[in-house]
Amino acid sequence: MSSIDRYAAPNLRDSPLRHLQRLRSPSPVKPVAIVGAVWDFIQQRCSKELKRIQGEDVLIHKLCDKMVVTFESHRKDSVRVHFARERFVTFYQRLATDLKVQTYSLDPQYYKSLQRQFPELLIEGGPSKDNITVTGRYMHIVMLEDFLRHGSSSPVTSQRPLTPQRVSPRASGTTRNKQSDDEEEESCPICLDTIKEDRKKTLACKHSFCRGCLEKAFKTKPVCPTCGAVYGELKGTQPKGGTMAVTQERSSLSGYDKYGTIVIQYHIPSGIQKEEHPNPGQTYQGASRTAYLPDSSEGRNVLALLKRAFDQRLTFTIGRSSTTGMENMVTWNDIHHKTSRSGGTSCYGYPDPDYLRRLQDELKVKGIY
């Protein structure tokens, strides 16, 4: 199951969450602030993922006059709506963190050929007829620039004239360029050149690359550029200087009556953004958060994983707050925490029988298990 599929709308017919509808009156679902470029990319390149999040009952749409999306249920099912919102926020933040928008000086005649070559990217006309604007995930942007650089005498940077040398069909993962009617050679998904056997590196996930290309990619992020499998220790962009304090209480969480409660208190102080952050040199607003786990054997195991995630600076990042829409804020970074003792999933609390399993899945994606 892919990282996106895990956040697809589940079948709630037999779910333990179903009874929450009858026990609690519907609570309002807050809209989510969005960035136009990210929303356009979702609509045009991630429509299948959006449909999975919506399911058959929930409608996610953008308001005409505001940069927010709202959530509605055809059946007035508040549990489904809250669930869809939580999964959308996870998907949106994961995508927005990895998304880049670049503008290049390039003859418009290359639009269609580049769109065929890089279907994962959103390629549009720029502010002038000689410009194109490209929106896409970081690794796909790197692949585009390496492709445009191929055969060029000068390095490729944004806003410089580029001349692609060739455009050949490319599939996701390892590709093959036809050399003759009888021979096919394996190509590197990063540089698109034929992989020489003495420079070939095949990862445990069975994807192959030029050794030099892979080493360069791993310096940015130690994950497979094709499937995202983590190799080594992933480091995040959580601001340094934060603290994670843990205490135990005898009181129980809803759904875990036999156990006490683990209380986690996070504090990230305000500061100045570094080079790895969205706006280097600008200030960011810190945050203090409290989260809860059951003091069971599984809860304690999850706590150890969360401690590793915090030490690897994966728990928080800097970006736009999904609740206030403010920029340069310390926000959660795709590792969901329960910040309420009760109230169920719509209030980010307990009971939620599958929460610890889902949390371990989220951590596994980041190489923590």
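Each residue is numbered by its place in its chain's sequence as written, counting from 1. pLDDT decides what is reported in this predicted model: residues at 70 or higher carry local features, side-chain atom pairs at 80 or more are listed and counted, and totals for whole chains, interfaces and linings draw on all residues regardless. For the side-chain quantities, the full set of heavy atoms in the structure was used; hydrogens and water were omitted.

- Looking at an unreviewed UniProt entry, the protein chain carries the name E3 ubiquitin-protein ligase, with the source organism given as Oncorhynchus kisutch.
- Listed in UniProt under the heading Sequence similarities (unreviewed entry), the comment for the protein chain reads: "Belongs to the Deltex family." UniProt positions are given in the numbering used here, feature names are shortened, and annotations may be inferred rather than shown by experiment.

Here we look at the overall build of the protein chain
Okay, so step 1: Counting from the N terminus, the helices are DSSP H or I runs at least four residues long and the strands are E runs at least two residues long. A tally of helices and strands in the protein chain yields 9 helices and 17 strands.
Okay, so step 2: Relative accessible area decides the class of each residue, using a 1.4 Å probe on protein chains only: under 20% of the type maximum gives buried, over 50% gives exposed, and in between gives partly exposed. Expressed as a percentage of its 369 residues, the buried residues of the protein chain come to 46%.
Okay, so step 3: Throughout, a contact is declared for two residues whenever any of their heavy atoms are within 4.5 Å. Summarising the internal contacts of the protein chain: among those between residues at least 6 apart in sequence, 58% fall at separations of at least 24.
Okay, so step 4: Note on areas: Shrake-Rupley with a 1.4 Å probe; residue coverage comes only from the protein chains shown. Accessible surface, the protein chain as shown: approximately 19400 Å² in total, 48% of it carbon and sulfur.

Points about the packing of aromatic side chains
Okay, so step 1: Any pair of Phe, Tyr and Trp rings, taking the six-membered ring for Trp, is counted once the centres come within 6.5 Å. Such a pair is stacked with planes under 30 degrees apart, edge-to-face with planes over 60 apart, and tilted for the rest. Scanning the model with the defined rule gives 8 aromatic pairs in all.
Okay, so step 2: Centre to centre, the rings of F71 and F88 are 5.7 Å apart; their planes meet at 70°, and the pair counts as edge-to-face. Here the residue F71 occupies a position in strand β3 (residues 68-73), and F88 occupies one in helix α4 (residues 78-98), the gap between them amounting to 17 residues. Accessibility assignment for this pair places F71 and F88 in one class, buried.
Okay, so step 3: Here a set of aromatic residues connected by ring pairs shows up, and it is made of Y266, F310, F316 and W332.
Okay, so step 4: Here, a charge over a ring means that NZ of Lys or CZ of Arg falls within 6 Å of the ring centre while also lying within 35 degrees of the ring normal. Above the plane of the ring of Y355 lies K338, whose end atom (NZ or CZ) is 5.0 Å from the centre.

Notes on the sheet that holds strand β6 (residues 131-137)
Okay, so step 1: With respect to topology, 3 strands assemble into an open sheet ordered β4-β6-β5, the strand pairing being antiparallel. What marks the edges here is a single partner per strand, and that holds for β4 (99-105) and β5 (122-125). Neighbour-to-neighbour, the strand axes of this sheet turn through a mean angle of 20°, independent of strand direction.
Okay, so step 2: Across 7 bridges, β4 lies against β6 in antiparallel orientation. The residue of β6 that forms the bridge with Q102 is V134. Any two strands with at least two DSSP bridges between them are considered paired. In this analysis an axis means a line fitted to C-alpha atoms, helices contributing only their contacting stretch, and an angle means the value between N-to-C directions, from 0 to 180 degrees.

So, helix α8 (residues 297-311)
Helical geometry: 3.6 residues make up each α-helical turn, so side chains three or four residues apart lie on a common side.
Okay, so step 1: Between its first and last C-alpha, α8 extends 22 Å over 15 residues, near the 21 Å set by a 1.5 Å rise per residue.
Okay, so step 2: For α8, the elements touching its buried residues are β11 (243-249), β12 (261-268), β15 (287-294), β16 (316-319) and α9 (355-365). Each residue after the first adds 1.5 Å to the expected span of a helix.

Regarding the sheet that holds β11
Okay, so step 1: On the basis of which strands lie adjacent, the open sheet formed by 3 strands has the order β11-β12-β15 and antiparallel pairing. The outermost strands of the open sheet, each flanked by one partner alone, are β11 and β15. Here the average twist between neighbouring strands, direction ignored, is 20°.
Okay, so step 2: Bridging between β12 and β15 involves 8 bridges; their strand directions are antiparallel. In the strand pairing of β15, Y266 is matched with R289.
Okay, so step 3: Together, β11, β12 and β15 form the strand contacts of α8, whose direction differs from that of β12 by roughly 10°.

Overview of unusual backbone geometry
Okay, so step 1: Here the amide bond leading from Y350 into P351 is cis, since omega sits at 5°, within 30 degrees of zero.
Okay, so step 2: Among the structural elements, P351 can be located in the loop between β17 (329-332) and α9.
Okay, so step 3: Located in the positive-phi region is D334, a residue other than glycine, with phi close to 65°.
Okay, so step 4: Since its relative accessible area comes to 5%, D334 is described here as buried.

Some details on the pairing of strand β2 (residues 58-62)
Okay, so step 1: Direction of pairing for β2 relative to β3: antiparallel, over a ladder of 5 bridges. In the sheet register, H61 faces β3, and the bridge partner there is T70.
Okay, so step 2: Connecting the antiparallel pair β2 and β3 is a turn made up of 5 residues.

Structural notes on the side chain of T70
Okay, so step 1: Looking at the element boundaries, T70 is found in strand β3.
Okay, so step 2: Ignoring any residue separated from it by four or fewer positions in sequence, one finds T70 in contact with P31, L59, I60, H61 and L63.

What to know about the packing of α8 against α9
Between two packed helices, what matters for the description is the angle formed by their axes and the separation of those axes.
Okay, so step 1: At their nearest, the axes of α8 and α9 sit 11 Å apart, and the two run at 25° to each other. As summarised for this structure, α8 and α9 are arranged roughly parallel, according to the angle between their axes. For the pair α8 and α9, the crossing hand works out as left-handed. Counting all contacts with α8, which are made through E298, G299, V302, L305, L306 and A309, the residues of α9 involved are L356, R357, L359, Q360 and L363.
Okay, so step 2: As a working rule, the residues Ala, Val, Leu, Ile, Met, Phe, Trp, Tyr, Cys and Pro are called nonpolar, Asp, Glu, Lys and Arg charged, and the rest polar, with Gly in that last group. Here the residues of the contact of α8 with α9 are counted per class, giving 7 nonpolar, 2 polar and 2 charged. Here is the rule for angles: anything less than 35 degrees is roughly parallel, anything more than 145 is roughly antiparallel, 65 through 115 is roughly perpendicular, and the remaining ranges are oblique. For any pair of crossing helices, the crossing counts as left-handed if the nearer helix is rotated counterclockwise from the farther one by less than a right angle, and right-handed if it is rotated clockwise.

Quick word on the environment of P225
Okay, so step 1: Position of P225 among the secondary structure elements: in the loop between α7 (211-220) and β11.
Okay, so step 2: On a C-alpha basis, the gap between P225 and M139 in space is 6.7 Å, while along the polypeptide they are 86 residues apart.
Okay, so step 3: In contact with P225, other than residues within four places in its own chain, are M139, I190, F209, L214 and A217.

As for the packing of helix α2 (residues 36-45) against helix α3 (residues 47-54)
Okay, so step 1: The contact between α2 and α3 brings their axes to 5 Å, and the two run at 90°. Comparing the axis directions of α2 and α3 gives the class roughly perpendicular. Together, W39, I42, Q43 and R45 of α2 and S47, E49 and L50 of α3 make up the contact between the two elements.
Okay, so step 2: Partitioned by chemical class, the residues of the contact of α2 with α3 number 3 nonpolar, 2 polar and 2 charged.

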